[in-house]
Amino acid sequence: MVIVEFLIKLAQGFGIGALALATGLLFGGIGRKIMARIQRRYGPPFTQNYIDLFKLFSKGSVSHGWAFDLGLVAGFAPMLAALMFLPIGPFTLLPSDSSLIMIVYLMMMAYLGMAMGVLASGNPNSAIGMSRALMLMTGYEVPFAAVIFSVYLFSKTGYLTQIVAQQAGGFMNWNIVKMPLGFLAIEIALQGMLGEKPFDQAIAPAEIASGPMVELGGKYLGFGMIQHSVGLFLETGIVVDLFLGGAPNFWIFIAKQFVLYFIVILVDAILPRLRIHESTSFFWKLPLFLGILQAVIVIIQGGVLNV
Amino acid sequence: MNSLLALLIVPVIGSAAAAILQRYRLVERLITFLTFSVTFLFLFGIKVGDLFTWHLDFLGKNLEMGLQITPLSIFMLYMTIAFGIVLTFYNISEKSKMKGFLLLLTLAASNWIFMSADLISFFFAWELMGWSSILMIFGGRREAESRQGALYYAMMSIGGSYSMLIGIFLLSNLTGTFSIQSNVSYLMSILSVHPWQVLGIVSLFFVAFMVKSGIFPFHTWVPYTYGEAPDGFVPYLSSVMSKYGVYGFLIFLPLTLGTHVPTVLGLAWPNYVLLWFGSITAVVGSVLAFMQDDVKKLFAYSSFSNLGFILAAIALFTPIGLTAGLFHAFNHLLFNGAIFITVIALISKVGTTRMSEMGGIWQKMPLTFLTFFVGIAAAAGIPPFAGFGSKWMIFQAMISHGLIFATVLLFFASIASFLYLMRAFHAVFLGQLSHRYDNVKEVSAIGKITEVFLLGALIFFGILPGFVLDPINSIVSAFGLKPLPTSGYEYINGFFSSINMVSIFIVVIVAFIFGFVLFAIVAKHKKVPQEDNYTAGQIPQDWNLTPEMYQFSYDFYEPMNKELAPFLKVKIDGFFKGFGESVEYIGGAVKEIFTGNVQIYTYLAVGGLVIFIIAGWVVW
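Thresholds, definitions, all that
Residues numbered from 1 in each chain as written. Chains lettered and ligands numbered in written order. Predicted model: local features only at pLDDT ≥ 70, side-chain atom pairs only at ≥ 80, totals over all residues. Helix = DSSP H or I, 4+ residues; strand = E, 2+ residues; numbered from the N terminus. Rg over C-alpha atoms; globule rule 2.2 N^0.38 Å. Buried ≥ 20, exposed ≤ 12 C-beta atoms within 10 Å, placed from the backbone. Contact = placed C-beta atoms within 7 Å. Expected span 1.5 Å × (residues − 1). Domains from an automatic or database assignment. Core = buried A, V, L, I, M, F, W, Y, C linked by C-beta atoms within 7 Å. Axes fitted to C-alpha atoms, helices over the stretch in contact; angles between N-to-C directions. Parallel < 35°, antiparallel > 145°, perpendicular 65-115°, else oblique. Nonpolar A, V, L, I, M, F, W, Y, C, P; charged D, E, K, R; others polar.

**Some remarks on the overall build of chain A**
Consideration 1: The helix and strand inventory of chain A stands at twelve helices and one strand.
Consideration 2: Going residue by residue from the N terminus, the α and β elements of chain A occur as α-α-β-α-α-α-α-α-α-α-α-α-α.
Consideration 3: Relative to the globule expectation of 19 Å for 307 residues, the C-alpha radius of gyration of chain A, 19 Å, shows essentially globular dimensions.
Consideration 4: Here the C-alpha coordinates of chain A stretch approximately 55 × 55 × 40 Å along the principal axes.
Consideration 5: Expressed as a percentage of its 307 residues, the buried residues of chain A come to 62%.
Consideration 6: Sequence separation of 24 or more characterises 81% of the internal contacts of chain A that already satisfy a separation of 6 or more.

**Re the overall build of chain B**
Consideration 1: A tally of regular secondary structure across chain B gives 23 helices and seven strands.
Consideration 2: For chain B, the C-alpha radius of gyration of 26 Å lies close to 25 Å, the compact-globule estimate for 620 residues.
Consideration 3: Taken along its principal axes, the extent of the C-alpha atoms in chain B is 95 × 65 × 55 Å.
Consideration 4: Of all 620 residues assigned to chain B, the portion counted as buried reaches 53%.
Consideration 5: Within chain B, residue pairs in contact and separated by at least 24 positions form 78% of the contacts whose partners lie at least 6 positions apart.

**Thoughts on helix H8 (residues 180–193) of chain A**
Residues and elements named next belong to chain A.
Consideration 1: Spanning 14 residues, H8 covers 20 Å between terminal C-alpha atoms, matching the ideal 20 Å at 1.5 Å per step.
Consideration 2: For H8, every residue scored as buried is listed here: Leu181, Gly182, Phe183, Ala185, Ile186, Ile188, Ala189, Leu190, Gln191, Gly192 and Met193.
Consideration 3: With its phi angle positive at about 65°, Gly195 sits one or two positions after the end of H8.

**A closer look at the interface of chain A and chain B**
Consideration 1: Counting residues at the interface gives 72 residues for chain A and 72 residues for chain B.
Consideration 2: Those elements that provide at least two residues to the side of chain A that touches chain B are helix H2 (48–58), strand E1 (61–63), helix H3 (66–83), helix H4 (100–120), helix H5 (124–155) and helix H12 (276–303) of chain A.

**As for the domain arrangement of chain B**
Where interface size is quoted, it is often the accessible area lost as the parts come together.
Consideration 1: In terms of domains, chain B is made up of domain 1 (1–137), domain 2 (161–528 + 548–570) and domain 3 (571–619).
Consideration 2: Computed from C-alpha coordinates alone, the two centres of domain 1 of chain B and domain 3 of chain B are separated by 38 Å.

**Notes on the nonpolar core**
Consideration 1: By size, the foremost hydrophobic cluster in this structure holds 325 residues, and its most contacted members are Ala146 of chain A together with Ala312, Ile314, Leu410 and Leu458 of chain B.
Consideration 2: Once residues within four sequence positions are removed from consideration, Ala312 of chain B is found in contact with Leu275, Gly278, Ser279, Ala282, Ile394, Met398, Ala406 and Leu410 of chain B.

**Let's talk about unusual backbone geometry**
Consideration 1: A cis amide bond, omega 5°, links Lys197 of chain A with the succeeding residue Pro198 of chain A.
Consideration 2: Within the fold, Pro198 of chain A resides in the loop between H8 and helix H9 (205–208).
Consideration 3: Residue Pro384 of chain B follows Pro383 of chain B across a cis peptide bond; omega there is 5°.
Consideration 4: Its place among the elements puts Pro384 of chain B in the loop between helix H15 (366–379) and helix H16 (388–399).
Consideration 5: Despite not being glycine, Lys156 of chain A shows a phi value in the positive range, around 60°.
Consideration 6: Residue placement: Lys156 of chain A occurs in the loop between H5 and helix H6 (160–166).
Consideration 7: Judged by the 15 C-beta atoms lying within 10 Å of it, Lys156 of chain A is partly exposed.
Consideration 8: Unlike most non-glycine residues, Phe317 of chain B shows phi in positive territory, near 50°.
Consideration 9: Note on placement: Phe317 of chain B falls in the loop between helix H13 (295–316) and helix H14 (319–350).

**Observations regarding the packing of helix H10 (residues 219–243) of chain A against helix H11 (residues 250–270) of chain A**
Residue and element names in this part refer to chain A.
Consideration 1: The interhelical angle for the contact between H10 and H11, taken along N-to-C directions, is 100°, at an axis separation of 9 Å. In terms of orientation, H10 and H11 fall into the roughly perpendicular class. When H10 is examined against H11, the residues Leu232, Thr236, Gly237, Val239 and Val240 are found in contact with a partner set consisting of Phe253, Lys256, Gln257, Leu260 and Tyr261.
Consideration 2: Here the contact of H10 with H11 is built from residues that sort into six nonpolar, three polar and one charged.

Structure representation (structure tokens):
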């Protein structure tokens, strides 16, 4: 019986993974289209990312050794694993372990794996890109943490499933209404997390030859692409679950995710790239202030749990 | 033989044997390893509540001295001796100038610290531990620097010890006894009446513990000492010896169980202050670590940064805070041990500690690379490795009190730890392999066994944390707190949520298998040498670019320096240096008296005698 259950979960897990990947790629394609229209180009078809991925997986490529291979796989697998704990609409594969901090740290393992892969290639451009990505991370993770902790105090639980359940019953129950400052902070942090302008120093195509991706080709770039797509799904999904009340079904869930991504794309389209230390210190100013302020408000409203 | 005594006597006998045979390095190392193992066997003979007392007649006073076993001391003993076995096993094949007999003396002192029931034994053990470790540091890789490191450590330790000694005398003057237990309960009883007196005495003790653990503002000696200590000893210094401070803190923290103290956010305010010391230590350690270029110093900073996490958690003194702190103490011992053992293995192969001179060594030392990778993943708090659970609990413990500033600060420290871990990982193992290291080989068979063992332990205690949490729960209840609920070896129960580590482990493994299958079935790849890099059409060889020049690792986080510049101006180190200089100045002035003229000495002797006689009259 246990084995059958396991197999069912396994199949469902693959389903979720495929769905998240398809959604993430679709978002990427639509994002490219929107960006093109803002710049008054026609732009690629919105299915372009599927075509790209298929092409990348069918082309031969070069490897820089087993650490390179392992790193790329380790960059993708923990993202996929983290997805299994995310409430997607009404469905969560493993609700009993959907602890928010655990999901955040699993995502970090993906970054660690990715970093290992691209750094093993030995290209200095990827090292520069990685150092920038990490410095940026010290920026956006801090306000993100402040918001996560305010949600913890507000909801008095660490399970994403329960946080979603508490927001059931209409727009007025959503955390975005109850914690608007926190939402604002996490929305700015999301811009950095997804590495879109003005926080795209790690990739910086014209400057450091796409940074971490400089040595990736063929299936390696394909793995990078699916990591980014799944990451996009996961990060927007977390914000939807935290602030937009989850969703009654999958379609509404991805619609809400798309709204978040749409904002990110618009900001991306109009702002230039900051320098790396400017963006790090930016995150330590306004977004962190908003996040902390939100936490203080929650605490004053009676969020402290006396143990 | 009484097992309690055996824990002290066996290391001393082993130490004597090692000292006699220290000319034969292999024999000495084997004796060290065997003594640790035998001491560990004697651990099975002790249980909670064991007591051994003797009486000492001193100046007409009858002092009761003793050894006793509490749940905390059992936990600490198992943890430290087991780690010692792993380290001494590795050291059999290690070639630095580590003195086995001093390590064994440190072991005896360490066991004594964890078992002593009275303050006199505690102080003696503390001093024995301090001096044997100071002598050990002299044998570092660079002689002059290691002497400096040992001196710095000695000065700070002496300062801490004086402070503790004054505390012991003040306390025993009040109570007339040296027993730790009765002194602590006495302090607890007068806490509501004389809070400042209690606080003053306890702070005297805490200074010693803060020095030993490297807590801000007494952290400055740590990088010097760890950076210069003999390679074989550094893991012990950082994994085990930093925990003495934690043990010391836990002796006096139960004081806050007595209420009547003003509170901040539901916390007794001394605890609140202590918690901030911990948080600041965590941040200072992390930030300074990612600016280092010396790999041993980098992990020295990392080491006391983690001690900051532990202190912040235990300062809460709530069930979850205490559990989280002790759990992190265990995890820190494990991952820091794994990291430092791989680092010393690496240093012994490449012969330098500067990270900007290394790079690409993963190709030569794959097992060491993997162990290091899992070690830093655990240190970064990544599930399902050991290290995740405790960090996760620390955050929950902190935030459940509404300590948002301290929690965000700790989270920042945790993210910054990512920076320095990646920095070390990249600069040492990844990137371009210099031709200098073409002949570097993987560690010896003994090293391989140690590394595989550590790798296994990091995963085992990551997915089955219950084996550590169970003893911690008994410690928590011994402190009179309600332990966290337990539900099987694979669960960690936090304040806001509980997680099943085995299920997370399975999910991650399945995801990895899927990733590898996908990797294998899609298009093929071919391996290229490291020179075959994308350079935008330029040929590196045309510019005489060597792998060393093509490796970006020096000043890896240079832009951060700009951001953190105002904070870096504050030099705690400078304060101690200035203090040292003024002491030197006064010493120099005093020295002027001693000109070598016998007449002056005679005057001094006579003068001293007169003062002595007058003082004698006044007193009697």
